[in-house]
Every structure is written in C-alpha cells, then in structure tokens.
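# Structural description and commentary
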Amino acid sequence: FDQNGKVDIGIMEKLVDFLIVHGIDGFLPCGTTGEGMLLSIEERKLVAETVVRQNGGRVYIMVHTGCITTAETIELTLHARAIGADCASVITPYFFSYDDEALFEYYMAVANIVPDFPIALYSYPGNAKQGISLELFTRLRDSAPNITALKLSDPNLIRFQEYVQAGGEQFCTLCGVDALALPALSVGGVGQVSGNSNVFPEVFCKLYNAYMAGDLQEAQRQQVMINRIRAILKDDLAYFKAAMRLRGIPVGDPRPPLRKLDVKELAEMEIGIQELGLL
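To keep things clear, this report deals only with the structure shown in the data block.

About the criteria used
- Residues numbered from 1 in each chain as written.
- Predicted model: local features only at pLDDT ≥ 70, side-chain atom pairs only at ≥ 80, totals over all residues.
- Heavy atoms only, no water.
- Helix = DSSP H or I, 4+ residues; strand = E, 2+ residues; numbered from the N terminus.
- Buried < 20%, exposed > 50% of the residue type's maximum accessible area, 1.4 Å probe, protein only.
- Contact = heavy atoms within 4.5 Å.
- Areas by Shrake-Rupley, 256 points an atom, 1.4 Å probe, with all protein chains shown as cover.
- Lys, Arg positive; Asp, Glu negative; His and termini not counted.
- Charge placed at Lys NZ, Arg CZ, Asp CG, Glu CD.
- 1 Å grid on protein atoms, 1.4 Å probe; cavity = no way out; pocket = protein on both sides within 12 Å on 5 of 7 lines; lining within 4 Å.
- Points joined across faces, edges and corners; volume = space filled by probe spheres on them.
- Nonpolar A, V, L, I, M, F, W, Y, C, P; charged D, E, K, R; others polar.
- Pairing = 2+ DSSP bridges.
- Axes fitted to C-alpha atoms, helices over the stretch in contact; angles between N-to-C directions.
- Patch = residues over 30% accessible without salt bridge, like charges linked within 9 Å, V, L, I, M, F, W, Y side chains within 5 Å.
- Salt bridge = Lys/Arg side-chain N within 4 Å of Asp/Glu carboxyl O.
- Phe/Tyr/Trp six-rings, centres within 6.5 Å; stacked < 30°, edge-to-face > 60°.
- Lys NZ or Arg CZ within 6 Å of the ring centre and 35° of its normal.
- Expected span 1.5 Å × (residues − 1).
- Arc of directions from axis to C-beta.
- Polar contact = N/O pair within 3.5 Å; in protein donor to acceptor, adjacent residues only side chain to side chain.
- Parallel < 35°, antiparallel > 145°, perpendicular 65-115°, else oblique.
- Left-handed = near helix turned anticlockwise from the far one by under 90°.
- Right-handed = clockwise from strand over helix to strand, strands pointing away.

## Describing the overall build of the protein chain
Broken down by element type, the protein chain carries 12 helices and seven strands. Here the protein chain holds 279 residues, and 50% of them are scored as buried. Nonlocal contacts in the protein chain, meaning residues at least 24 apart in sequence, comprise 70% of its contacts between residues at least 6 apart. Total accessible area on the protein chain stands at roughly 12,800 Å², and carbon and sulfur atoms take up 54% of it. Side-chain charges in the protein chain split into 24 positive and 34 negative, and the spacing between the mean points of these groups amounts to 5 Å.

Next up, the structure:
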C-alpha cells in the first residue's frame, strides 16, 4: 500500500520482479499473507491484474479467489480466468461453521462455473475456522476434474501425508507451513506456498533446488535457516512488510485493523536479520 493506504501498483510490480529474479516458481496473490481478506473485490481484481501483467508469463500464477460468499468467490474466479491466470486458489468460506455437505456444494458451484480452469482447494483451519476433511477432499477430487491441487496450511505432517496419498500421483499438494517445507517435500508434497519467502525467496529456492538435486544435507541447512527466519519474523505480516523495506521494496504498512511494528520491535527485527547475514 502507499502512504494513503491504497494499492501501490508500482511497488507491486517491483516486488513481482524481485521475487522472480530471486528464483521463485509462482505467485499466489491475494492470499492470507497478502491481506486478501482486507481488500475490496475491486482491489483484489486490481492486485491480480497487476501481478499477471507484470509477470508476463514468466512463472505460474494461482490467484486466490476465496471469499465469505459463494457469489463473490465465483466472480473473482471468473475474473482470474479472464485475465490469464493459471489457476484459482479457493479457501473455505470463513467465520461461520459449515459441514462437509455445505462445503461440497460451495466448491462444486465454483468448479462447475469454470470447468476448463484449474481450481486449488485451500485448507487453513487455523484462520478460516474449518478446513477440508480428508473425506470431503476425496469426494471433491472425484467429482470435479478441474480440482487439481490442494494447499494445506496445517502443522500436522501426518495429515499432510494422508492428503498426498489420497490425491495420487497426478494431484498437486502444496504445503503452507514454512517449518515443514523440507519434511513436506520428503513425504510427496510438490512445493511450498510461503509468507516468509516474500522477504527471503532465495533461501526457499535453495532448499527446493537442493532437495530436487538429491543434496539432502544442503536442504536441511536451508530448512534450519528458514526456521531462524521464522523466529525473527514470527510468521507475521507486519514483520514481513517491515523486513521488505530492508530489502529495498517498501511495501507499506499493514492495512488496519492490523498494526505496524513499534520502534522496539523494528530494532529487534533489524538486529536479528543482520545476524542472519542474508542482507
């Protein structure tokens, strides 16, 4: 955001280029790290359009389109397809409690409106109140051919492996817990959707590349570095944004009611980052 709290297109374009230069393989704009839930529908469309345009086909783009209502989710999913995104990521509708039948109808309504467009299920029970049960996941995978991926933000590695096995070889299961980046790959995950990687993308890329090259020792070293990054940035958006300034990308402050860091927090974070030796 700019100083007036509006979406800053110029800085967003700079962030896209920064991340691609440092090796990332894809974007998930408007997700839970990207303040998607605090943006208006029109702002979410603007962010998605900006990322797709600036990317220029260089890497994969999965636009997060999940909303609290089915109608808004469908509107944003249709928009994502229209602007040339590769996929839509759809979190479970939040705040209210939903049973599996309600969630099945929700996801099928979205998937059926764009049968030619890939949909990624997004399960984040810690923030959205409910996740996607294994039974619901299997039912959705079997009912909608365009549901081809799952992002699972759950610290239970056993559960993650269960979804990998249920999805099968052709299904794309992504991890959303940075502490599990390497363990998730080792049990069949295909990649990481990360908040911390906005600040230090090169560490995550080094882990992935080392693992794919069979260099487990180097991958383990990078996981340790990721854990140190997490301890400093606290998996917190305000820390991510403040740290981005240190990398030359002034992305602005969090949108209220999220707050920015105070002077003490900023000083402690800067010392911690300097000690990492990554700047």
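## Details of empty space enclosed by the protein
This structure, assessed with the given rule, holds one cavity of 30 Å³ or more. Approximately 40 Å³ is the volume found for the largest cavity. As for the largest cavity, its lining consists of Cys 30, Arg 44, Lys 45, Ala 48, Val 63, His 64, Leu 76, His 79 and Ala 80. Across the lining of the largest cavity, the residue classes break down as five nonpolar, two polar and two charged.

## Here's the deal with the sheet that holds strand β3 (residues 87-91)
If you trace the seven strands from one edge of the open sheet to the other, you get β1-β2-β3-β4-β5-β6-β7, paired in parallel fashion. Since the sheet does not close on itself, it has two edges, and those belong to β1 (26-27) and β7 (191-192), each with one partner. Across four bridges, strand β5 (residues 147-152) lies against strand β6 (residues 172-175) in parallel orientation. Pairing of Ala 149 across the sheet is with Cys 172, part of β6. The sheet strands contacting helix α2 (residues 41-55) are β1 and β2 (60-64), and the helix crosses β2 at an angle near 180°.

## Quick look at a negative patch on the surface
On the surface, Asp 99, Asp 100, Glu 105 and Glu 135 cluster together to form a negatively charged patch. Checked against the element boundaries, Glu 105 lands in helix α4 (residues 100-113). Exposure remark for Glu 105: the relative accessible area of 51% places this residue in the exposed category.

## So, the pattern of salt bridges
Across all of its chains, the model carries 15 salt bridges by this definition. The residue Glu 13 makes a salt bridge to Arg 53 at a minimum N-O spacing of 3.3 Å. Of this pair, Glu 13 sits in helix α1 (residues 9-21) while Arg 53 sits in helix α2, and the two are 40 residues apart along the sequence. One salt bridge in this structure joins Arg 255 and Glu 43, with 2.7 Å as the shortest N-O distance. Pair noted here: Arg 255 is in the loop between α11 (237-246) and α12 (263-276) and Glu 43 is in helix α2, with a separation of 212 residues, a long-range link. Glu 43 gets classed as buried once you look at its relative accessible area, which sits at 18%.

## Overview of the packing of aromatic side chains
Think of a pair of aromatic rings as described by two things: how far the centres are apart, and how the planes are tilted against each other in angle. Throughout the structure, instances matching the rule amount to five aromatic pairs. Taking NZ or CZ as reference, Arg 139 lies 3.6 Å from the ring centre of Phe 104, over its face.

## A short note on α12
Residues separated by three or four positions in an α-helix point in the same direction, a consequence of the helix having 3.6 residues per turn. Compared with an ideal rise of 1.5 Å per residue, which puts 14 residues at 20 Å, α12 spans 20 Å between its outermost C-alpha atoms and is within 8% of the ideal. The set of residues buried in α12 consists of Glu 265, Met 269, Gly 272, Ile 273 and Leu 276. Summarising the axial view, the buried residues of α12 lie within an arc of 100°, below the 170-degree limit, and thus occupy one face. Residues of α12 that are exposed and angled more than 90 degrees away from the buried face: Val 263, Lys 264, Gln 274 and Glu 275. At its buried positions, α12 is contacted by α10 (216-233) and α11. The backbone nitrogen of Lys 264 lies 3.2 Å from a side-chain oxygen of the residue at the head of α12, namely Asp 262.

## Here's the deal with the packing of α10 against α12
Viewed as axis vectors pointing N to C, α10 and α12 meet at an angle of 165°, and their least axial separation amounts to 9 Å. As judged from the angle between their axes, α10 and α12 are roughly antiparallel. As α10 runs across α12, the sense of the crossing is left-handed. The residues of α12 that touch α10, namely those facing Met 225, Arg 228, Ile 229, Ile 232 and Leu 233, are Met 269, Gly 272, Ile 273, Glu 275 and Leu 276. When its residues are assigned to classes, the contact of α10 with α12 shows seven nonpolar, one polar and two charged.

## So, the side chain of Arg 255
We classify Arg 255 as buried; its relative accessible area is 15%. Polar contacts involving the side chain of Arg 255 include one to the side chain of Glu 43, which spans 2.7 Å. Excluding residues within four positions of it along the chain, Arg 255 makes contact with Phe 1, Gly 5, Glu 35, Leu 38, Leu 39 and Glu 43.

## Quick look at the pairing of strand β4 (residues 119-123)
Burial analysis of β4 places five of its five residues in the buried class, which makes it a mostly covered element. Residues of β4 alternate between two faces, with Ile 119, Leu 121 and Ser 123 on one and Ala 120 and Tyr 122 on the opposite face, all of them buried. For β3 and β4, the ladder comprises four bridges, and the chain directions are parallel. The residue of β4 that forms the bridge with Ile 91 is Tyr 122. Read as a crossover between parallel neighbours, the route from β3 over α4 to β4 is right-handed. Taken together, the five bridges between β4 and β5 define a ladder with parallel strand orientation. Bridge assignment links Ile 119 to a residue of β5, and that residue is Ile 147.

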